[in-house]
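Summary of structural features
Okay, here's what each chain looks like letter by letter:
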Amino acid sequence: MISRRKISSFLGVNLLRLFIVITAIFLLVFLYVIFSRGGKLLSWSFLTESPRRFMTEGGIFPAIVGTFWLTVLSISFALPLGVLTAIFLTSYARPPWLVRIVRVAINTLAGVPSIIYGLFGLTVFVRMLHFDVSILSGSLTLGILALPVIINASEEALRSVPRDFREASLALGATERQTIIKILLPTALPNILTGTIISIGRVAGETAPILFTAATFYTRVLPSSVMDEVMALPYHIYALLTEGSHGAKQLPIAYGTAVVLMALVLLVSTLAIIIRFRIRKKRKW
Amino acid sequence: MKIFRSVSVLILLLFSATCTRVENKLKIAGSTTVLPIVQAAAEVYMEQHPQVSISVRGGGSSIGIKSIIGRIVDLGSASRQINEREMKLIAAQEKNLQAFPIARDALTIIVHPDNPVLNLTTGQLRLIYTGELHNWQQLGGPNLTIIPISRDVSSGSFEVFNHFILDSLSVASGAMVLASNNAVATTVSYTPGAIGYVGYGYAHEQVKIITLDGIRPQAESIISGDYPLSRQLYIYTPDKPEQLASDFIAFLLSEEGQNIVTQQGFIKLHQTEPANE
Amino acid sequence: MNKFKETSFKSVTYLASLFTIVFLFAIILSIFYEGIPIFKHVSLIKFLTSPSWHPTHFPPDFGILSLIAGSFLVTLGALIISIPLGLGSAIYISELAGPTSKEILKPVIELLASIPSVVYGLFGMAFLSPLLIKIFHVPTGLNIFSASIILGIMVVPIISSMSEDALSTVPKSLREASLALGANKWETIIRVVVPAAKSGIFSSIILGFGRAIGETMVVLMVAGGAAQIPKGLFQPVRPMPAAIAAEMGETVIGSPHFHALYGISIILFTVTFISILITEFIVHRRKK
């Protein structure tokens, strides 16, 4: 005789399994559709050539370069700010009310919808500061979007440095600043980098913030200054689906671009996960 | 710290590799209908003039005209003429524009290839978009819900459609609204009950063109204006355009440029001298 | 000299953290600055309660109720999908999975979170939508249902990873006590572990809600764009972010329509801000 408790336990556990399996199946279908349709386009020339024959042939090189610049510039803008803010939160953190406000600000920035970042960039960078539609406007917008991710990762990294390190340094007569720069930051660096890499994935894949601030449909020549408009991988996917008069021929290129973008983002995230895994293994404290 | 050095060297290398200096730049923004023509022309033009860099962005007719008034771009494209509000703005800023028609176009009514309906009257089309006709049966078709697809209310295509068909009545709220010609054409191509309107060049093989008031959109009916939704596509420049901008427009209006217009599915102008405005 | 270095370094970190506040205020100010002028043309009440969105008509109608309805319905649909899937995965990973499958499942879910939304949009637009028409013979494939599915899957990793964090902070002794008292694994999960982690789970759901309602590309590409109060699951809608993204490109800067779009962004921001405050409140209370 099987008790009701056993049946409900059996059903419950298998329900959880079912949920995992559904998620996994969807993910597999999703990846299969994207990679099977876009994968066959991948070739050296797809990565290194400009679009040709009215966006129906050729490659996506300008979009790769555009995404590269947007990402590099936005991260180099957000990284110093983020790390310094994290130092404030971990080492100084006074007065408490300021910490509280800064935290609310960070959490709110993290939750603001990306389209609102786009509107903000349009108002402030494109129109008020007259940066126009350019790499600069797009990078600044994306940089602010990446800021909370970098702050959180850096803060966690700094906090994971054992207290003894800091106390030992201070006891040896080092100043607060010296302790932070010579002890805390170098120790926390790998973890900060991991967080930064994760934010790279986020920045490279965003479309809505660059819709009105940086992206263009077609250029062939690569950007020569930060004031140029650029093609970008995520916008290119959207543009191929919605603009241009050869819908059926553009679709495979959109899938191909999606594969490149996903490969880029997944590669970068995997890298971050591996780095973190190895750090955790190496650590002796 | 070794990593840092190599990373920064790598970034510098990439920077110098990707920074090819280009002297002549041309920024173009505007109508999504004109986009394929301008993009294709830019492609050919850059091949012939490797020192020239052209950036082509969509946005919409309003953006094209607005950007050229604000001199943010070198050329603005639009699928309609300047409207009153824009006229006022131009007058206020004392900045004159020149308009160059570069191609002819017609808003083309498209349905799913399997839809047996061949013709609609302007009145029927209005009733479909205002939501009074719901089923293709009411129009002699199969028992199938009509899915009207419209464009965003500020697009040039919508303004033309609104002016000639809707007579300023509101589009039914249940109508799908998509952001661009290509999205409309693609959606119609796989949605059995759908009907939409797109630029002539977007009406490709995967959809069926239907006649309006018995007239089929094609070169003759569009040029003569017999087809009710005929229009011209424009490029706007400042009153004194830069040399490169003039050259590019001259290219668009040349025989080669006009062939590109045809190649992209639109209709040639058949007149080469720019009409000043 | 050294003292000077100390203070200046300290000041720089203070300055940097002030920037986060400055940025937030700049964002809020910019959308309010451009959005408030719409209320010269329409009252706030009418803006929020009229379902008629005809921003370029003469006279124009600036009612965003149908856009709000679209946003909430799609988000609700997304949560109906993502809560069981996300929470289920979290419980499985934290309570039932062996160390190896845990080691695999956790990073996989993290990877899922990094897939760009435009790729989800591509999947919905080019694959799911035609498929829905073929299978269910629905009149259109771009509708609440398809947008909810795609959004729901996007939110799964958020709910899952945050709930998993919350579950893993439940002390081991609690589980052991429950098992020692004769409860089986399932009963322990449902009666002890999940209730103990409920505030963390709740904030993960709120966070998922915030993400879903603010997501732009998916609803822009997959929701169908009809500014209507829908009468069914398979009807197209126009969520707020989709309206902003689609119309901002083509509207004339400075027109009432332009300000109305910023007005929508104020509403959108307010909704997400409230959800953020709720999670703040929960986290703060839990810490106490």
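Residues numbered from 1 in each chain as written. Chains lettered and ligands numbered in written order. Predicted model: local features only at pLDDT ≥ 70, side-chain atom pairs only at ≥ 80, totals over all residues. Heavy atoms only, no water.

The periodicity of an α-helix, 3.6 residues per turn, causes residues three or four places apart in sequence to face the same way. All names here are of chain A. Counting buried positions along helix α10 (residues 233–242) gives 10 out of 10 residues, so the element sits mostly inside the fold. Every buried residue of α10 is listed here: Leu233, Pro234, Tyr235, His236, Ile237, Tyr238, Ala239, Leu240, Leu241 and Thr242. Downstream of α10 by one or two residues, Gly244 has phi in the positive range, about 80°. (Buried < 20%, exposed > 50% of the residue type's maximum accessible area, 1.4 Å probe, protein only. Helix = DSSP H or I, 4+ residues; strand = E, 2+ residues; numbered from the N terminus.)

This paragraph deals with the nonpolar core. Grouped together as the largest cluster of nonpolar side chains are 228 residues, with contacts concentrated most on Ile54(B), Phe248(B), Val119(C) and Ile264(C). At 13 residues, helix α3 (residues 61–92) of chain A tops the list of elements feeding residues into this core. With residues up to four places along the chain from it excluded, the contact list for Ile54(B) reads Tyr218(A), Thr219(A), Arg220(A), Leu26(B), Ile28(B), Ala42(B), Tyr45(B), Met46(B) and Phe248(B). Listed in part, the 30 residues of the second largest apolar core include Leu107(B), Phe161(B), Val171(B) and Tyr227(B). (Core = buried A, V, L, I, M, F, W, Y, C linked by side-chain atoms within 4.5 Å. Contact = heavy atoms within 4.5 Å.)

Attention now moves to the packing of aromatic side chains. Scanning the entire structure with this criterion turns up 27 aromatic pairs over all chains. An angle of 10° between the planes, with centres 3.9 Å apart, marks the rings of Phe161(B) and Tyr197(B) as stacked. Taken together, the positions of Phe161(B) in helix α6 (residues 156–166) and Tyr197(B) in strand β9 (residues 194–198) put the pair 36 residues apart, joining distant regions of the chain. Under the relative-accessibility criterion, Tyr197(B) is labelled buried at 0%. Pairwise contacts between aromatic rings join Phe26(A), Phe30(A), Tyr120(C), Phe123(C) and Phe127(C) into one cluster. (Phe/Tyr/Trp six-rings, centres within 6.5 Å; stacked < 30°, edge-to-face > 60°.)

This part is about empty space enclosed by the protein. Inspection of every chain in the model, using the stated rule, returns five cavities of 30 Å³ or more. In this structure, the second largest cavity encloses a volume near 120 Å³. Lining the second largest cavity are 15 residues, with Val177(B), Leu178(B), Ala179(B), Leu220(C) and Met221(C) sitting closest to its centre. Counting only elements with at least two residues in the lining of the second largest cavity, the list comes to α10 of chain A, β8 (176–178) of chain B together with α10 (217–222) and α11 (240–248) of chain C. At three residues, α10(C) tops the list of elements feeding residues into the lining of the second largest cavity. (1 Å grid on protein atoms, 1.4 Å probe; cavity = no way out; pocket = protein on both sides within 12 Å on 5 of 7 lines; lining within 4 Å. Points joined across faces, edges and corners; volume = space filled by probe spheres on them.)

This part is about the environment of Glu34(C). Following the sequence through the fold, Glu34(C) ends up in helix α1 (residues 2–35). The class for Glu34(C) is buried, based on a relative accessible area of 6%. Put simply, Glu34(C) and Ile266(C) are 232 residues apart on the chain and 9.6 Å apart in space, counted from C-alpha to C-alpha. Non-local contacts of Glu34(C), meaning those with residues more than four positions away in its chain, are made with Thr123(A), Arg127(A), Phe258(C), His259(C) and Tyr262(C).

Looking now at the sheet that holds β9(B). All names here are of chain B. One open sheet holds the five strands; their spatial order is β8-β7-β9-β5-β10, and the pairing between them is mixed. Each of the sheet's edge strands pairs with one partner strand only, and the pair in question is β8 and β10 (208–209). Here strand β7 (residues 147–151) runs beside β9; their pairing, made up of three bridges, is parallel. Bridge pairing in β9 links Ile147 to Ala194. Each of β5 (108–111), β7 and β9 is contacted by helix α5 (residues 122–130), which is oriented at about 110° to β9, the strand it contacts most. (Pairing = 2+ DSSP bridges. Axes fitted to C-alpha atoms, helices over the stretch in contact; angles between N-to-C directions.)

In this section: the pattern of salt bridges. Evaluation of the coordinates by the stated rule reveals 16 salt bridges over all chains. Linking Asp105(B) and Arg231(B) is a salt bridge whose minimum nitrogen-to-oxygen distance equals 2.9 Å. You can see Asp105(B) sitting in strand β4 (residues 97–106) and its partner Arg231(B) sitting in strand β12 (residues 230–238), a full 126 residues away along the chain. Given the relative accessible area of 8%, Arg231(B) is considered buried. A salt bridge links Arg238(C) to Asp152(B), with the shortest nitrogen-to-oxygen separation between them at 2.5 Å. Residue Arg238(C) is located in the loop between α10 and α11, and its partner Asp152(B) is located in the loop between β7 and α6; the two belong to separate chains. Classification of Asp152(B) by relative accessible area gives buried; the value is 1%. Bridged by salt links that share partners, the residues Arg103(A), Glu155(A) and Arg159(A) form one connected network. (Salt bridge = Lys/Arg side-chain N within 4 Å of Asp/Glu carboxyl O.)

Taken together, the contact between chain B and chain A spans 40 residues of the former and 35 residues of the latter. With both sides pooled, the region where chain B packs onto chain A buries about 3,100 Å², and carbon together with sulfur makes up 55% of that total. Our count for the contact surface shared by chain B and chain A stands at two salt bridges. A salt bridge links Arg57(B) to Glu229(A); its shortest N-O distance comes to 3.1 Å. Viewed at the interface, chain A and chain B are joined by 12 residue pairs in polar contact (both at pLDDT 80 or more). Secondary-structure elements contributing two or more residues to the side of chain B that touches chain A are α1 (2–18), β1 (24–30), α2 (35–48), β2 (52–59) and α7 (181–190) of chain B. The leading source of residues in the side of chain B that touches chain A is α2(B), at eight residues. Within the side of chain B that touches chain A, the residues separate by chemical class into 19 nonpolar, 15 polar and six charged. Sheet topology note: the strand β3 (residues 218–219) of chain A/β2(B) ladder contains two bridges and is antiparallel. (Buried area = accessible area lost by both parts, 1.4 Å probe. Polar contact = N/O pair within 3.5 Å; in protein donor to acceptor, adjacent residues only side chain to side chain. Nonpolar A, V, L, I, M, F, W, Y, C, P; charged D, E, K, R; others polar.)

Moving on, we get to the side chain of Glu206(A). All names here are of chain A. Tracing the backbone through its elements, the reader meets Glu206 in the loop between α8 (176–205) and α9 (208–211). Classification of Glu206 by relative accessible area gives buried; the value is 9%. At 3.2 Å, the side chain of Glu206 and the side chain of Arg202 are in polar contact. Ignoring anything within four residues of it in the chain, the contact list for Glu206 reads Ser114, Leu142, Leu145 and Pro234.

Turning to the interface of chain A and chain C, a few remarks are in order. When the parts of a complex come together, some accessible area is lost, and that lost area is often used as the size of the interface. At the interface, 82 residues of chain A touch 75 residues of chain C. For the pair chain A and chain C, the two sides together bury roughly 7,100 Å², of which 78% comes from carbon and sulfur. If you sort the residues of chain A by the area they bury against chain C, Leu16(A), Phe26(A) and Arg177(A) come out on top, with a joint share of 9%. In this structure, the connection of chain A to chain C is made through three salt bridges. Among the salt bridges present, the one from Glu187(C) reaches Arg5(A), with a minimum N-O distance of 2.7 Å. Here the residues of the side of chain A that touches chain C are counted per class, giving 56 nonpolar, 17 polar and nine charged.

Another aspect to go through is the packing of α8(A) against helix α11 (residues 247–282) of chain A. All names here are of chain A. α11 packs onto α8 with a crossing angle of 165° between their chain directions and a minimal axis gap of 9 Å. Of the possible angle classes, the one that applies to α8 and α11 is roughly antiparallel. The hand of the α8/α11 crossing is left-handed. Of α11, the residues touching α8 (which contributes Pro190, Asn191, Thr194, Ile197, Ile198, Ile200, Gly201, Ala204 and Gly205) are Leu261, Leu264, Val265, Val268, Leu271, Ala272, Ile275, Arg276 and Ile279. Across the contact of α8 with α11, the residue classes break down as 13 nonpolar, four polar and one charged. (Parallel < 35°, antiparallel > 145°, perpendicular 65-115°, else oblique. Left-handed = near helix turned anticlockwise from the far one by under 90°.)

Residue and element names in this part refer to chain B. Taken across its nine residues, β12 has nine buried, putting it largely inside the fold. In this structure, strand β3 (residues 75–78) lies alongside β12, joined through three bridges in antiparallel fashion. For Gly76, the partnering residue across the bridge sits in β12 and is Tyr236. Here β4 runs beside β12; their pairing, made up of nine bridges, is antiparallel. Paired with Ala103 across the two strands is Leu233, which belongs to β12.

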